[in-house]
Amino acid sequence: MNGNPAEMEDSDALEVRALLRQSLETALARHYSFEQRSAAYRSPARHSAEAWTAYAELGLLALSLPEAHGGLPGALADVAMVSELLGGVLALEPYRATMVAARLLAAAGTAEQQAHWLPELAAGMLKAALVPVDPNAPAFAEASRTDAGWRISGRFLVVPGGDAADLFIVPARADGEIALFLLPANAVERRGYGCFDWTGAADLVAADVPVSADARLASGAEALARAMDEAVILASADAVGAMRAANALTRDYTRTRRQFGVPLASFQVLQHRMADMAIAEEAAASITKAALVAYAQGEAATRARAASAAKVAVGDAAREVARQCVQLHGGMGLAEEYPAAHYFARLGLFERLLGDRDAHVQRVAALRDKLASPAL
Amino acid sequence: METATHSDEAFVEEVRAFVRAEVPETVREKVVNGVSVDATERRAWHRALYERGWVAPHWPVEHGGAGWPALRAFLFNETLAEEGAPDLGTFGLKMLGPLLIRFGSDAQRRRYLPPLLAGDDFWCQGFSEPGSGSDLTSLKTRAERDGGEWVINGQKIWTTMAHEANRMFALVRTDRDAPKPRMGLSILLVDMDTPGITVRPVILLNGNRHTNEVFFDNVRVPAGNLVGEVNQGWTYSRALLGTERLSIARVGWNKRQFAHLKRVAEAEGALRSPLIAARIAEAEIALMTLEAMVKAMIERARAWETPGVEANMLKIKGSELQQRLAELLVEIAGPRAAPFQPDRTAPGQDWTAHSFANHFYGRVASIYGGSNEIQRNIIARALGLGHTS
């Protein structure tokens, strides 16, 4: 199989990614201490405008977008690397939401749509979000034809990044098929809020919103499926970053916290617990990497199966790490002013969004028969 | 005692009917959803129990209790929990009362028991400290004798309801040179409005503000506020933990939350998924097992067998089930579990608004009251597996 050239990796690409990682780590060390994050959450935007500007300056929002529209070379793996680092610092900015939407626009948008929206998205001047299709209960807006174009109606709960988005991509049924429409944020009723993990989301209502014919993206169902898999893989990368940080935090705490005259980390039962947490982290990182490889190969069923497998395995690991991170911290693990509870929240919500464990297990089972050449 | 002739079943039905008559549906709904009951609602229920003579089922009659044997008190408490009656606070009626009845002075009993029974006093427990959680006997808050007073200096943490309580019983160090740390501890009764006490809330990620740090800066309490003898505080507090052995599994609580889970699952159509239906059935099996373990423990108690480590086992099983039930609600809520609802009493909010907050807060069940790791240490020691600390 030839694969998708844009997603192929050579040694130059890996070197560039390593350099980008270093720059981002430096920027996060400056902008994203736990205290800075808390202050950002308490601002009206509920995230850090300063950090967003830093992401834009580093080119993180341009990664993997067409260079003709202000993009930079890169692949989903680069966006995943960024997502992992942002998960580690519990970042509040809608980076993944914007990237999934921008990449979808680059893959499925018309030439005019791309030229109109991508430069500002790549520069970080706009934020966007794809209204996710929950595999547990797939729901679509309804698009009906008018003389001038379409009318869109639908109601959507918990759109990640939806509170800050300037632009939505809305999946809808149009003429009996799945289509994607661009809706500016001011065309929909929006209730924005912070989630339990402090990231932003919104509930949306589109009530007979008129859009012109050129608001429809060039591709529909297939592009949507691919974008949802991207969202799953990036969320997995974010969770991997959160697990790495939660595990490091727990190890530091148990090394320093003394009870019965010795550090907690000297108790074998807790050592084994932390060993299991490290195993979970390693498993999650590996299956996420495998999903990125499968994604780069380009074949739809392979990609979908790998994404769903990652969602399940990363979810299992996230649950284990989240529980034990709190348990080993004791009461401190629940306090708002300490990061442990925040890792619990971020890892806990991973399984709630983009389809739960059952949905993805069933998807893996169903896809097995569709594979051209089963990997196992 | 009027209920002595009733069968257990008739008694339970009587208690059930009483809760349903006295606790408004809105309040029971709050309890099921893990939303804090406000002080007015709590006092109204306290008053109803007080007037019925049921506020302290396990206390002896001469001290104003119902004087019921442990098993009847157990049935009573579990039925209240199952019906969603508000918790009146563990520390006053369940801990401080029995503590004073067993170890306090006549003067202390006269002064503190009547307002506790009437619901005029609300107690908190000052035990844990920043450096002393599982290893409680290492605590550092000290009390020094100065004439007719004790002078307290130090800091407590995880002091539940300290911001609403008007009194605290505190475990403090009174002898720094005792041969073992646990031999230098005493229990002091402290009025929360004594000068030198500062209460600072510890806010949890679910927005809960019910736990606190409490700072003591030269806080003076009369010598008569020492419970029992000096340096016997640890012995007393151990004895107290034994009084709640039967209720530690929280069977009534788990039954109530399981019923809630089933109602929600049915209303949401979640049982159409065979996978969810199976997990709910598994939770039901865990509940049946927990109940069977409690019954086995009761039968041993009836046969006057020396209690073993069953209570420690039940603490683990009960807390694990509690956490599982909360997780299942989050699973059914799906993405609707994500939004944070700081004001959980705002109108129009359904069960999903509480699901992640309760799942999160449920994690304390395996941390407080002796973490599940500590419970396992105790079980291991009882099994002859040697000291783990």
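All of these numbers come straight from a predicted model, not from anything done at the bench.

Caption draft 1: Representation of the domain arrangement of chain B within the structure. Residues and elements named next belong to chain B. Partitioning chain B into domains gives domain 1 (2–88), domain 2 (123–232) and domain 3 (250–382). Using C-alpha coordinates to define each centre, domain 1 is positioned 21 Å away from domain 3. On the side of domain 3, 15 residues touch domain 1, which itself brings 12 residues to the contact. Counting residues per element, the side of domain 1 that touches domain 3 draws most heavily on helix H4 (residues 70–82), at seven residues.

Caption draft 2: Just the packing of helix H4 (residues 76–88) of chain A against helix H5 (residues 95–108) of chain A, in detail. Residue and element names in this part refer to chain A. Viewed as axis vectors pointing N to C, H4 and H5 meet at an angle of 165 degrees, and their least axial separation amounts to 10 Å. Here H5 runs roughly antiparallel to H4, going by the angle between their axes. Handedness of the crossing formed by H4 with H5: left-handed. Counted together, Val79, Val82, Ser83 and Leu86 of H4 and Tyr95, Arg96 and Met99 of H5 form the full contact between these two elements. Among the residues making up the contact of H4 with H5, the classes are represented as five nonpolar, one polar and one charged.

Caption draft 3: Examining the domain arrangement of chain A more closely. All names here are of chain A. For chain A, the domain assignment lists domain 1 (5–127), domain 2 (130–219) and domain 3 (222–370). Once you take the C-alpha centre of each, domain 1 and domain 2 turn out to be 22 Å apart. Only H5 and helix H6 (111–122) provide two or more residues apiece to the side of domain 1 that touches domain 2. Of the residues belonging to the side of domain 1 that touches domain 2, the class tally is 11 nonpolar, five polar and three charged.

Caption draft 4: Spatial organisation of the packing of helix H8 (residues 251–268) of chain B against helix H9 (residues 274–302) of chain B. Residues and elements named next belong to chain B. Direction vectors running N to C along H8 and H9 enclose 165 degrees, while the axes themselves pass 11 Å from each other. In terms of orientation, H8 lies roughly antiparallel with respect to H9. Pair H8 / H9 crosses with left-handed handedness. For the pair H8 and H9, the contacting residues are Val251, Asn254, Lys255, Phe258, Leu261, Lys262 and Ala265 in the first and Ile276, Ile280, Ala283, Glu284, Leu287, Leu290, Glu291 and Val294 in the second. The residue makeup of the contact of H8 with H9, split by class, is 10 nonpolar, one polar and four charged.

Analysis parameters
Residues numbered from 1 in each chain as written. Chains lettered and ligands numbered in written order. Predicted model: local features only at pLDDT ≥ 70, side-chain atom pairs only at ≥ 80, totals over all residues. Domains from an automatic or database assignment. Contact = placed C-beta atoms within 7 Å. Helix = DSSP H or I, 4+ residues; strand = E, 2+ residues; numbered from the N terminus. Axes fitted to C-alpha atoms, helices over the stretch in contact; angles between N-to-C directions. Parallel < 35°, antiparallel > 145°, perpendicular 65-115°, else oblique. Left-handed = near helix turned anticlockwise from the far one by under 90°. Nonpolar A, V, L, I, M, F, W, Y, C, P; charged D, E, K, R; others polar.

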